[in-house]
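Listed below, chain by chain, are the residues.
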Number of protein chains: 10
Amino acid sequence: MYFHVRMDVAIPPELDPRQRDELVAREKKYSQELQRAGKWPHIWRIVGEYANFSVFDVESTDELHTLLSGLPLFPHMKIHVTPLATHPSDIAAH
Amino acid sequence: MYFHVRMDVAIPPELDPRQRDELVAREKKYSQELQRAGKWPHIWRIVGEYANFSVFDVESTDELHTLLSGLPLFPHMKIHVTPLATHPSDIAAH
Amino acid sequence: MYFHVRMDVAIPPELDPRQRDELVAREKKYSQELQRAGKWPHIWRIVGEYANFSVFDVESTDELHTLLSGLPLFPHMKIHVTPLATHPSDIAAH
Amino acid sequence: MYFHVRMDVAIPPELDPRQRDELVAREKKYSQELQRAGKWPHIWRIVGEYANFSVFDVESTDELHTLLSGLPLFPHMKIHVTPLATHPSDIAAH
Amino acid sequence: MYFHVRMDVAIPPELDPRQRDELVAREKKYSQELQRAGKWPHIWRIVGEYANFSVFDVESTDELHTLLSGLPLFPHMKIHVTPLATHPSDIAAH
Amino acid sequence: MYFHVRMDVAIPPELDPRQRDELVAREKKYSQELQRAGKWPHIWRIVGEYANFSVFDVESTDELHTLLSGLPLFPHMKIHVTPLATHPSDIAAH
Amino acid sequence: MYFHVRMDVAIPPELDPRQRDELVAREKKYSQELQRAGKWPHIWRIVGEYANFSVFDVESTDELHTLLSGLPLFPHMKIHVTPLATHPSDIAAH
Amino acid sequence: MYFHVRMDVAIPPELDPRQRDELVAREKKYSQELQRAGKWPHIWRIVGEYANFSVFDVESTDELHTLLSGLPLFPHMKIHVTPLATHPSDIAAH
Amino acid sequence: MYFHVRMDVAIPPELDPRQRDELVAREKKYSQELQRAGKWPHIWRIVGEYANFSVFDVESTDELHTLLSGLPLFPHMKIHVTPLATHPSDIAAH
Amino acid sequence: MYFHVRMDVAIPPELDPRQRDELVAREKKYSQELQRAGKWPHIWRIVGEYANFSVFDVESTDELHTLLSGLPLFPHMKIHVTPLATHPSDIAAH
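Now for a description of the structure that goes with this document. Keep in mind it's a predicted model, so treat the numbers as computed, not measured.

**Observations concerning the interface of chain B and chain A**
Here is step 1: Each partner contributes residues to the interface: chain B has 27 residues there, and chain A has 27 residues.
Here is step 2: In this assembly, chain B packs against chain A so that about 2,500 Å² is buried in total across both faces, 66% of it on carbon and sulfur atoms.
Here is step 3: The interface formed by chain B and chain A includes zero salt bridges.
Here is step 4: Here chain B is connected to chain A by 12 residue pairs in polar contact (both at pLDDT 80 or more).
Here is step 5: Those elements that provide at least two residues to the side of chain B that touches chain A are strand 1 (2-9), helix 1 (17-36), strand 2 (42-46), strand 3 (51-57) and strand 4 (77-86) of chain B.
Here is step 6: Residues of the side of chain B that touches chain A, tallied by class, amount to 13 nonpolar, 10 polar and four charged.

Okay, here's the thing in structure tokens:
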């Protein structure tokens, strides 16, 4: 079951640069584990912004909230989720 | 090169139902041809709305505008395009 | 799995009053069948507006879109869906 | 008498983590007491956000404001209240 | 119990002028009856707009929705309701 | 001459609690003096928010700005003013 | 006493061109009479739009609403009024 | 002197197709004459929309309004103008 | 050539009061010099807000940007500029 | 391939003035190098704002994101990108 997610990141500028780098590295690792597990099939950078459009594939809304609130950058993100359904014209789904 | 596209459809209610059905059928055919050609790799229905989130894969912005303005439902759509770049965490791209 | 739904209704004023009444009656019957089936556990009128806040309980986003797009008033509605998860403070869920 | 409430929480990042934990624990206790008293019949997490949709059941708008402004997290919340009425299609209410 | 109400009126220009006048006259009568009954204690015109700010005094949200949806101009209005509580500085309330 | 005023208060959290209490007490005193003088005939709390809807009765826009900018909490408020006229249906005004 | 007014005009395209011309001519005459009477001291076209920014000088909000609602184009306008006060730096006012 | 202009076109669908084509042809001719005269140095299509971003080079705001309101499609356009100044980093201007 | 300017001021509360007073005094002096020079013919306070509506009369957009960015309070202002043209009904201009 | 970019700059006021000047100087140098390389053909100041409208000419969205995220002021900017296509009336393109 797919969900469309927009994430906008705003790390406070006063954060210690080393902490920041460590946070961003953990975020990348976390994201790639979920991608490998098939939970996060798509992630694209929005050009010119510290933001991404992603698609998640989960069993339930509870699972999705657990995955999103576990993001290392979660406290510094604005997240907006839109539920997706199969499109009747989608050749991959038929 | 990827572009994120949101399309909201509003077919005028006064349109003749047969014309409407014919228009929707042509839209589906057009969409599936572009999907098979690899130009329109993703399309999802937004739950509860006559709208979709799509991803296009094109060579140029001119090509993208040609594809979008050629949609049979184009005169009845509100379209918003967002350019996408490769995300540094994307395992598929690295 | 719960979803929060806001529905705003705008029946075209030029619709024949008998058709309008028949449409509204079908909407009510459809809604009550889904309520009895446990799919639509909550529906509230928003005071002063021809609109409601509802909660749906479904197995998947595809099921939700099927239920919503099957509403007799669907062509005259603006619908916005928000996915819900269990709240950690909810005594009913723990 | 029902009211729909959206609460968005933004605890200042500079708050001492122990104070933060204590605040969140007090919020949970307060919320569960109101749930047990029947004043706060529904609370759902909005997926991906530090926010909830709730429904309150109160005798008056004064009572509702007293309950909301007494939330331990009230100084860190943006709250929006919408009054609800019985929906004519609601099978539970008829 | 007080509620703040903003009403914006948009009567369709194609409405027959006699019907329009009759509708506006009925609206005035309905409003003045509720004012006399103490249900609608305040009504002000918003300068330059076909709109008003009003305050209603009702026993319940159900009563308020009944009063508002009974307005002769209801089908041509956009209404927004905000619940009010006693202000701690209000000398009239203490 | 009436004006509708919405005030949203946001006292900086870092303000010393004693200064805050003293400020809020001065605000209350100032407000009640204007109420007694007939300049501020209505004030209501917006439920769930640190905000109010008020109605002022003044001789001129200059007088209104003087009253509002003299509020002890003025530096911490967002204020929006809407001019009001007599409503043709208002029984109190005719 | 000054008020800032923004007027956006949208004459329905289906209006008979002769009626339209007559309406626009009456609007111009009405505006110029108020300008000559000192009630409407400033009017500017917003570049590229069928809209204007104006300043009115009136005795009361009731007078202002009477003047605005008497505009021949009033039924086809969206009007927004902002009350103005003397600016402390204004050399003309001191 | 440069001005940034966004134009969104919405030709009413009920317009006779021949009139529509004639209108669009006149618009193109008008635009190209202004381009050749150096008044309209840039015009770009916004991808996926019946809209453009343009830059005009004029002597005055009066001249700009005359050019824009003379567009054959002006009655069917929403136009927004932003004044531009020389940027301190612009190598073409220094 | 006229331009309509809205300025919203937000001086950081942590600024030293003496610096603040000095800044506001310089702003007033700067504004009055431009008023005397005929560059800033109108300035009005927006009632209830630390904001003004102004009209500037300049030779070019470059001149306008130079004047605005030279305001002592410029770093603490949000400014929005709208270009104005002569209105066809303006008696002062004909 | 052209992209329209709006950049709004907000350098934190607490930044050391020397660091600020150095940052702005690096931004200017970076911008002028891209202008000379033909990648950034247009840049205009938005009058009254610390913002610009720019046009970029790039081979791909990845290249555009690399250029924009390399801006020395990138961490202090809000950037919005709109893809552009050739306009059918553009005389320069035909």
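**Side note on the interface of chain B and chain J**
Here is step 1: At the interface, 13 residues of chain B touch 13 residues of chain J.
Here is step 2: Where chain B abuts chain J, roughly 920 Å² becomes buried across the two surfaces, and 66% of that area is made up of carbon and sulfur atoms.
Here is step 3: Summed over the three residues of chain B that lose the most area to chain J, namely Met1, Thr61 and Pro83 of chain B, the buried surface amounts to 46% of that side.
Here is step 4: Our count for the contact surface shared by chain B and chain J stands at zero salt bridges.
Here is step 5: Taken together, chain B and chain J are joined by four residue pairs in polar contact (both at pLDDT 80 or more).
Here is step 6: Looking at the side of chain B that touches chain J, the elements with two or more residues in it are strand 1, helix 2 (61-69) and strand 4 of chain B.

**Quick word on a negative patch on the surface**
Here is step 1: Together, Glu14 of chain A, Glu14 of chain D, Glu14 of chain F, Glu14 of chain I together with Glu14 of chain J make up a negatively charged patch on the protein surface.
Here is step 2: Among the secondary structure elements, Glu14 of chain J is positioned in the loop between strand 1 (2-9) and helix 1 (17-36).

**Some remarks on the pairing of strand 4 (residues 77-86) of chain C**
Residues in a regular strand point their side chains to alternate faces of the sheet.
Here is step 1: With seven of 10 residues buried, strand 4 of chain C is to be regarded as a mostly interior element.
Here is step 2: By the bridge criterion, seven bridges tie strand 1 (residues 2-9) of chain C to strand 4 of chain C in an arrangement that is antiparallel. Counterpart to Met7 of chain C in the pairing with strand 4 of chain C is Ile79 of chain C.
Here is step 3: Both strand 4 of chain C and strand 2 (residues 42-46) of chain D contribute to a ladder of three bridges, which runs antiparallel. Opposite Ala85 of chain C, over in strand 2 of chain D, you have Arg45 of chain D as the bridge partner.

**Thoughts on the arrangement of the chains**
Here is step 1: Taking C-alpha atoms only, the smallest gap left between chain D and chain I, which are not in contact, amounts to 18 Å.
Here is step 2: Between chain G and chain J there is no contact, and the shortest C-alpha to C-alpha separation is 15 Å.

**With respect to the pattern of salt bridges**
Here is step 1: One pass over the full model with this rule turns up 50 salt bridges over all chains.
Here is step 2: Measuring nitrogen to oxygen at the nearest pair gives 3.0 Å for the salt bridge that ties Glu49 of chain B to Arg6 of chain B. Of this pair, Glu49 of chain B sits in the loop between strand 2 and strand 3 while Arg6 of chain B sits in strand 1, and the two are 43 residues apart along the sequence.
Here is step 3: One salt-bridge network, held together by shared partners, links Arg6, Asp8 and Glu49 of chain A.

**Some words on helix 2 (residues 61-69) of chain I**
Residues and elements named next belong to chain I.
Here is step 1: When we look at burial in helix 2, the residues that qualify are Thr61, Leu64, His65, Leu67 and Leu68. Taken end-on, helix 2 shows its buried residues confined to a sector of 165°, consistent with a single buried face.
Here is step 2: A side-chain oxygen of the first residue of helix 2 lies 3.4 Å from the backbone nitrogen of Asp62; this N-cap is Ser60.

**Digging into the pairing of strand 1 (residues 2-9) of chain A**
Here is step 1: Bridge count between strand 1 of chain A and strand 3 (residues 51-57) of chain A: seven bridges; the pairing is antiparallel. Residue pairing across strands places Arg6 of chain A opposite Phe53 of chain A, the latter belonging to strand 3 of chain A.

**Some words on the sheet that holds strand 1 of chain B**
Here is step 1: On the basis of which strands lie adjacent, the closed barrel formed by eight strands has the order 1(A)-3(A)-2(A)-4(B)-1(B)-3(B)-2(B)-4(A) and antiparallel pairing. For this sheet the average axis-to-axis angle between neighbouring strands, irrespective of direction, equals 35°.
Here is step 2: Against the sheet, helix 2 of chain B engages strand 1, strand 3 and strand 4 of chain B, with an angle of about 20° to strand 1 of chain B.
Here is step 3: Here helix 2 (residues 61-69) of chain C sits on the sheet in contact with strand 1 and strand 4 (77-86) of chain A together with strand 2 of chain B, set at roughly 70° to strand 4 of chain A.

**Section: the relation of the copies chain B and chain A**
Here is step 1: When chain B is brought onto chain A, the operation consists of a screw motion whose angular component is 180° and whose axial shift is 0.0 Å, with 0.0 Å RMSD remaining. Interpreted geometrically, this transformation is the action of a two-fold axis.

**Looking at the sheet that holds strand 4 (residues 77-86) of chain H**
Here is step 1: In space, the eight strands of this closed barrel follow the order 1(H)-3(H)-2(H)-4(J)-1(J)-3(J)-2(J)-4(H), with antiparallel pairing throughout. Strand after strand, the sheet turns through a mean of 35° between neighbouring axes, direction not considered.
Here is step 2: Running at roughly 25° to strand 1 (residues 2-9) of chain H, helix 2 (residues 61-69) of chain H makes contact with strand 1, strand 3 (51-57) and strand 4 of chain H of the sheet.

**Structural notes on the relation of the copies chain B and chain J**
Here is step 1: The operation relating chain B to chain J is a screw motion whose rotation component is 180°, with 0.0 Å of axial translation and a residual RMSD of 0.0 Å.
Here is step 2: The share of interface residues of chain B whose copies in chain J are also at the interface is 100%, consistent with both copies meeting through the same surface.

**Some words on the environment of Phe53 of chain J**
Here is step 1: With respect to the helices and strands, the residue Phe53 of chain J is situated in strand 3 (residues 51-57).
Here is step 2: Residue Phe53 of chain J is classed as buried on the basis of its relative accessible area, which comes to 7%.
Here is step 3: Separated by 39 residues in sequence, Phe53 of chain J and Glu14 of chain J have C-alpha atoms that sit 26 Å apart.
Here is step 4: Beyond its immediate stretch of four places on either side in the chain, Phe53 of chain J contacts His4, Thr82 and Leu84 of chain H together with His4, Val5, Arg6, His42, Ile43, Trp44 and Ile46 of chain J.

**Quick notes on the side chain of His42 of chain B**
Here is step 1: Its location among the elements puts His42 of chain B in strand 2.
Here is step 2: Using a relative accessible area of 19% as the deciding quantity, one classes His42 of chain B as buried.
Here is step 3: With sequence-adjacent residues up to four places away left out, His42 of chain B is seen in contact with His42 and Trp44 of chain A together with Phe53, Ser54 and Val55 of chain B.

**Description of the side chain of Ser31 of chain E**
Here is step 1: Tracing the backbone through its elements, the reader meets Ser31 of chain E in helix 1 (residues 17-36).
Here is step 2: Apart from the residues within four sequence positions on either side, Ser31 of chain E is in contact with Trp40 and Ile43 of chain E together with Ser89 of chain F.

**Regarding helix 1 (residues 17-36) of chain C**
All names here are of chain C.
Here is step 1: If you check helix 1, its first and last C-alpha atoms are 29 Å apart, about what 20 residues at 1.5 Å a residue would give, namely 28 Å.
Here is step 2: Those residues of helix 1 that fall on the buried side of the exposure criterion are Leu23, Glu27, Ser31, Gln32, Leu34 and Gln35. For helix 1, the angular spread of buried residues about the axis comes to 165°, placing them on one side. Away from its buried face, by an angle of more than 90 degrees, helix 1 presents the exposed residues Arg18, Asp21, Lys29 and Arg36.
Here is step 3: Its buried side turned inward, helix 1 meets strand 2 (42-46), strand 3 (51-57), helix 2 and strand 4.
Here is step 4: Between the side-chain oxygen at the start of helix 1 and the backbone nitrogen of Arg18 there is a gap of 3.1 Å, and the oxygen is on Asp16.

Reading the values: the criteria
- Residues numbered from 1 in each chain as written.
- Chains lettered and ligands numbered in written order.
- Predicted model: local features only at pLDDT ≥ 70, side-chain atom pairs only at ≥ 80, totals over all residues.
- Heavy atoms only, no water.
- Contact = heavy atoms within 4.5 Å.
- Buried area = accessible area lost by both parts, 1.4 Å probe.
- Salt bridge = Lys/Arg side-chain N within 4 Å of Asp/Glu carboxyl O.
- Polar contact = N/O pair within 3.5 Å; in protein donor to acceptor, adjacent residues only side chain to side chain.
- Helix = DSSP H or I, 4+ residues; strand = E, 2+ residues; numbered from the N terminus.
- Nonpolar A, V, L, I, M, F, W, Y, C, P; charged D, E, K, R; others polar.
- Patch = residues over 30% accessible without salt bridge, like charges linked within 9 Å, V, L, I, M, F, W, Y side chains within 5 Å.
- Areas by Shrake-Rupley, 256 points an atom, 1.4 Å probe, with all protein chains shown as cover.
- Lys, Arg positive; Asp, Glu negative; His and termini not counted.
- Charge placed at Lys NZ, Arg CZ, Asp CG, Glu CD.
- Buried < 20%, exposed > 50% of the residue type's maximum accessible area, 1.4 Å probe, protein only.
- Pairing = 2+ DSSP bridges.
- Arc of directions from axis to C-beta.
- Axes fitted to C-alpha atoms, helices over the stretch in contact; angles between N-to-C directions.
- Least-squares fit on C-alpha atoms with pLDDT ≥ 70 in both.
- Expected span 1.5 Å × (residues − 1).

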